[in-house]
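Reading the structure
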Amino acid sequence: MKRRDFIGAAGASLLLPAALAAEPVNFQPGVVRDALAAGKTVFLDFKASWCTTCAAQEKVLTKLKQENPAYEANITFVNVDWDTYGRSTFAQRLNIPRRSTLVVLKGDGEVGRLVAETREDRIKALLDAALNAAMA
């Protein structure tokens, strides 16, 4: 590939509409198990529509995903509705203490987690850890 073709293709990829970005999956029993069995890295976002910390996390996550499309291209994002699944066996097995908990899973293990964290650098570090796990 010629250099100018490569630069043009790379630039064009940055202009892809947000609609083409992978939308987070809404949690249902079996979704996470199936994604992990398929070898995917899963980013769980335990949230509630009324939670202000969750809203702050979502704002940061959206910004970081827009800045680095590799996150959505390589990580399966799963939204877990706290009001529906916060007391579920799934949440209990993962020791989820509260809404606004972010957890990254790969295979049989946990890559990392944040609880009630809204600082961009900390959320970026978790996303980077998830991306590294996905690329390994």
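Above this text sits the structure in question.
Let us look at the structure shown here. Predicted, not measured: the structure shown is a model, and the values here were computed from it. (Residues numbered from 1 in each chain as written. Predicted model: local features only at pLDDT ≥ 70, side-chain atom pairs only at ≥ 80, totals over all residues. Heavy atoms only, no water.)

1. Some words on the overall build of the protein
- A count of helical and extended segments in the protein gives 7 helices and 5 strands.
- Traced from its N-terminal end to its C-terminal end, the protein shows the element sequence α-β-α-β-α-α-β-α-α-β-β-α.
- Residue burial in the protein is summarised as follows: out of 136 residues, 38% are buried.
- Across the protein, the fraction of contacts at a sequence separation of at least 24, relative to all contacts at a separation of at least 6, is 68%. (Helix = DSSP H or I, 4+ residues; strand = E, 2+ residues; numbered from the N terminus. Buried < 20%, exposed > 50% of the residue type's maximum accessible area, 1.4 Å probe, protein only. Contact = heavy atoms within 4.5 Å.)

2. Examining the environment of Lys47
- Note on placement: Lys47 falls in strand E2 (residues 41–47).
- Lys47 gets classed as buried once you look at its relative accessible area, which sits at 18%.
- Remark: the alpha-carbon pair of Lys47 and Arg98, spanning 51 residues in sequence, is separated by 8.7 Å.
- Those residues in contact with Lys47 that sit more than four places away from it in its chain are Cys54, Glu58, Asn79, Val80, Asp81, Trp82 and Ser100.
- Separated by 2.6 Å, the side chains of Lys47 and Glu58 make a polar contact. (Polar contact = N/O pair within 3.5 Å; in protein donor to acceptor, adjacent residues only side chain to side chain.)

3. Considering the pattern of salt bridges
- A complete count under the given rule lists 9 salt bridges for this structure.
- The partner of Glu58 in a salt bridge is Lys47, and the shortest N-O contact between them spans 2.6 Å. With Glu58 in helix H3 (residues 52–67) and Lys47 in strand E2, this pair connects stretches of sequence that are 11 residues apart.
- Residue Glu58 is classed as partly exposed on the basis of its relative accessible area, which comes to 27%.
- For the salt bridge of Glu117 with Arg122, the shortest nitrogen-to-oxygen distance reads 3.6 Å.
- A relative accessible area of 11% means that Glu117 is categorised as buried.
- A single network of salt bridges, built from pairs that share partners, joins Asp45, Lys47 and Glu58. (Salt bridge = Lys/Arg side-chain N within 4 Å of Asp/Glu carboxyl O.)

4. Notes on the sheet that holds strand E1 (residues 25–26)
- The strand order E1-E3-E2-E4-E5 describes an open sheet built from 5 strands, whose pairing is mixed. Each end of this open sheet is capped by a strand with a single partner; those strands are E1 and strand E5 (109–115).
- When E1 meets strand E3 (residues 75–81), the two strands line up parallel, connected through 2 bridges. Following the sheet pairing, Asn26 is matched in E3 by Asn79.
- In the packing of H3 onto the sheet, the strands contacted are E2, E3 and strand E4 (101–106), and the crossing angle to E2 comes to about 150°.
- Here helix H7 (residues 120–135) sits on the sheet in contact with E2, E3, E4 and E5, set at roughly 170° to E5. (Pairing = 2+ DSSP bridges. Axes fitted to C-alpha atoms, helices over the stretch in contact; angles between N-to-C directions.)

Function-wise, these values are silent; they only describe arrangement.
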